[in-house]
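Overview (structure and organization)
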Amino acid sequence: MKIQLAKKAGFCYGVRRAVDMVYEQAEKSKQPVYTFGPITHNDIVVDDLKNKGVRVLDSIEEAEQLSEGTVIIRAHGVPKWLNDRLCRSDKNGTAILNVMDATCP
């Protein structure tokens, strides 16, 4: 059997941008940091982020239970209706969550 190593490996630009956004928020945010769905389909990265305190939200119902924090939308994006629900405000019009869109451009 012959094993051939790729000359290049890693993430595409959009996924790299999304992953970097999560690492940056995990490092600097004073509030909890969440991703809506796994930020990437790479268990090593997702586990590393988990060890840094980043939690993966699997449903809008989970997100709607939050009263603070930053939710980062994964590189694959989410439908507009879901984004609208994440960007909800309290009765004074203040955003409940800081929502960051890491959708691949």
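For the structure itself, consult the block above.
My aim in this report is to walk through the structure given alongside it, one point at a time. (Residues numbered from 1 in each chain as written. Predicted model: local features only at pLDDT ≥ 70, side-chain atom pairs only at ≥ 80, totals over all residues. Heavy atoms only, no water.)

**Brief notes about the overall build of the protein chain**
Convention followed: Each helix is a run of DSSP H or I of at least 4 residues and each strand a run of E of at least 2, with the numbering of both proceeding from the N terminus. Throughout, a contact is declared for two residues whenever any of their heavy atoms are within 4.5 Å. Each accessible area is a Shrake-Rupley result for a 1.4 Å probe, and residues are judged covered by the shown protein chains and nothing else. His is not counted here, nor are the chain ends, while Lys and Arg score as positive and Asp and Glu score as negative. By convention, the point assigned to a charge is CZ for Arg, NZ for Lys, CD for Glu and CG for Asp.
In terms of helices and strands, the protein chain carries four helices and four strands. Start at the N end of the protein chain and walk to the C end: the helices and strands fall as α-β-α-β-α-β-α-β. Dimensions along the principal axes, computed over C-alpha positions, put the protein chain at roughly 65 × 25 × 20 Å. Contacts in the protein chain between residues at least 24 apart in sequence constitute 65% of all its contacts with a sequence separation of at least 6. By element, 50% of the accessible surface of the protein chain is carried by carbon and sulfur atoms, the whole surface being about 7,200 Å². When the 15 basic and 14 acidic side-chain charges of the protein chain are each reduced to a single mean position, those positions are 6 Å apart.

**Some points on the nonpolar core**
Rules: Think of a nonpolar core as a cluster: buried Ala, Val, Leu, Ile, Met, Phe, Trp, Tyr and Cys residues, connected wherever their side-chain atoms sit within 4.5 Å. We call a residue buried when its accessible area falls under 20% of the maximum for its residue type, exposed when it is over 50%, and partly exposed in between, using a 1.4 Å probe and counting protein chains only.
The biggest cluster of nonpolar side chains holds 15 residues, and the ones touching the most others in it are Val-22, Ile-39, Leu-49, Val-54, Ile-72 and Ala-102. Put simply, the parts of the chain that give this core at least two residues each are helix 1 (13–28) and helix 2 (43–51). When residues in this core are grouped by element, the largest group, six residues, is from helix 1. Residues Tyr-34, Leu-66, Val-78 and Leu-86 belong to the second largest nonpolar core, which totals 12 residues.

**A word on the sheet that holds strand 1 (residues 33–36)**
The condition that has to hold: Here the rule is simple: two strands pair whenever DSSP picks up at least two bridges between them. Structural elements are reduced to axes, namely lines fitted to C-alpha atoms, with helices fitted over the stretch in contact, and the angle between N-to-C directions of any two is expressed from 0 to 180 degrees.
The strand order 2-1-3-4 describes an open sheet built from four strands, whose pairing is parallel. Unpaired on one side and paired on the other, strand 2 (55–57) and strand 4 (98–101) mark the two borders of the sheet. Within the sheet, the average angular offset between the axes of one strand and its neighbour, ignoring direction, is 30°. Sheet topology places strand 1 next to strand 3 (residues 70–73); four bridges connect them, and they run parallel.

**Quick look at the environment of Ile-73**
You can see Ile-73 is positioned in strand 3. Note on Ile-73: relative accessible area 1%, which makes it buried. Separated by 38 residues in sequence, Ile-73 and Thr-35 have C-alpha atoms that sit 5.9 Å apart. Discounting chain neighbours no more than four positions away, the residues touching Ile-73 are Ile-39, Val-78, Asn-83, Leu-86, Val-99, Met-100, Asp-101, Ala-102 and Thr-103.

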